[in-house]
Amino acid sequence: MIRGKGVRRMASLTSFDPPQHGGPTQAAGGFTLIELILTLLILGVVAMVGMVGFADALRGFVFTAENVRTAQKVQAALTRLNVDLVWLNIRNVTNSSATGLTYEMDTDADGTADTTTILAYDSSNQRITLNNNILLDNVTAFQARYISSTQTDPETVTSTFVNYVSDSTAYTICIELSITCQLPGSDATSPQSKTFTM
């Protein structure tokens, strides 16, 4: 009997016992090839849509940054002209037109003009120059308007500057400058511009 029990025990050790988790017919715990391919395909589509959105956002950022840079350049040019035309002592305007101005300044306040400044618009090169130095580029239009005053007519817009002679004659009291710049990113087929006025 002891021997029989031993044989039985030996037989149970060598016989096949199915695993506790359901046997060999249950699928292993991994992904199939189809599931992996579909997952990669979905991730690729999501990444592609994300890249298009990212590229549009980046293009918008660059366009805005270039427009801000253009506005800053125009503002710096207008500020420079404002300093000359308002704060410094202009003694005489020797030449004026709708696209330029030549004026003499008394920079050392001794009562005599000692500096001549030439402001000009070069339409062929699309730039404004100050004493033949580029003040601003990418300028598509420039206009200077001179507002004169007399005792009888408070404001008259003219195309030339009139120096002060006496209170009884008309003279220029204000200069209005209008600068139109082409915005970066625009092309010849659909130009985009902005006008700045001082």
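Since the model is a prediction, treat every value here as computed from it, not as a measurement. (Residues numbered from 1 in each chain as written. Predicted model: local features only at pLDDT ≥ 70, side-chain atom pairs only at ≥ 80, totals over all residues. Heavy atoms only, no water.)

Peer 1: Outline the sheet that holds strand β9 (residues 193–197), listing residues and values.
Peer 2: The antiparallel open sheet is built from four strands, whose spatial order is β7-β6-β8-β9. Sheet topology places β7 (156–158) and β9 at the edges, where each strand pairs with a single neighbour. When the angles between neighbouring strand axes are averaged without regard to direction, this sheet yields 25 degrees. Across five bridges, strand β8 (residues 171–182) lies against β9 in antiparallel orientation. Bridge assignment links I179 to a residue of β9, and that residue is F196. (Pairing = 2+ DSSP bridges. Helix = DSSP H or I, 4+ residues; strand = E, 2+ residues; numbered from the N terminus. Axes fitted to C-alpha atoms, helices over the stretch in contact; angles between N-to-C directions.)

Peer 1: Could you give an account of the packing of aromatic side chains, naming the residues involved and the relevant values?
Peer 2: In the structure shown here, the tally under the stated rule is two aromatic pairs. Ring centres of Y121 and F142 lie 6.0 Å apart, and the angle between their planes is 35 degrees; on these two criteria the pair is classed as tilted. Of this pair, Y121 sits in strand β3 (residues 115–122) while F142 sits in strand β6 (residues 139–149), and the two are 21 residues apart along the sequence. Take Y121 and F142: they sit in the same class, and that class is buried. (Phe/Tyr/Trp six-rings, centres within 6.5 Å; stacked < 30°, edge-to-face > 60°. Buried < 20%, exposed > 50% of the residue type's maximum accessible area, 1.4 Å probe, protein only.)

Peer 1: Kindly report on the pairing of β8, identifying the contributing residues and their values.
Peer 2: In this sheet, β8 lies alongside β6 in antiparallel orientation, the contact comprising ten bridges. Bridge pairing in β8 links A141 to T180.

Peer 1: How would you summarise a nonpolar patch on the surface if you had to cite specific residues and measurements?
Peer 2: On the surface, a nonpolar cluster with roughly 490 Å² of combined accessible area is contributed by I34, L38, L41, V45 and V49. Locating L38 in the fold gives a position in helix α2 (residues 33–87). (Patch = residues over 30% accessible without salt bridge, like charges linked within 9 Å, V, L, I, M, F, W, Y side chains within 5 Å. Areas by Shrake-Rupley, 256 points an atom, 1.4 Å probe, with all protein chains shown as cover. Salt bridge = Lys/Arg side-chain N within 4 Å of Asp/Glu carboxyl O.)

Peer 1: Residues and numbers for the nonpolar core, please.
Peer 2: Note that soluble globular proteins tend to have their nonpolar side chains buried in a common cluster. Counting 24 residues, the largest nonpolar core has L101, V139, F142 and I179 as its most contacted members. Looking at this core, the elements with two or more residues in it are α2, β2 (100–105), β3, β4 (127–130), β6 and β8. In terms of residues, this core owes the most to one element, α2, which gives five residues. If we ignore the near neighbours within four places in the chain, the residues touching I179 are L78, I128, L136, V139, A141, F142, K194, T195 and F196. (Core = buried A, V, L, I, M, F, W, Y, C linked by side-chain atoms within 4.5 Å. Contact = heavy atoms within 4.5 Å.)

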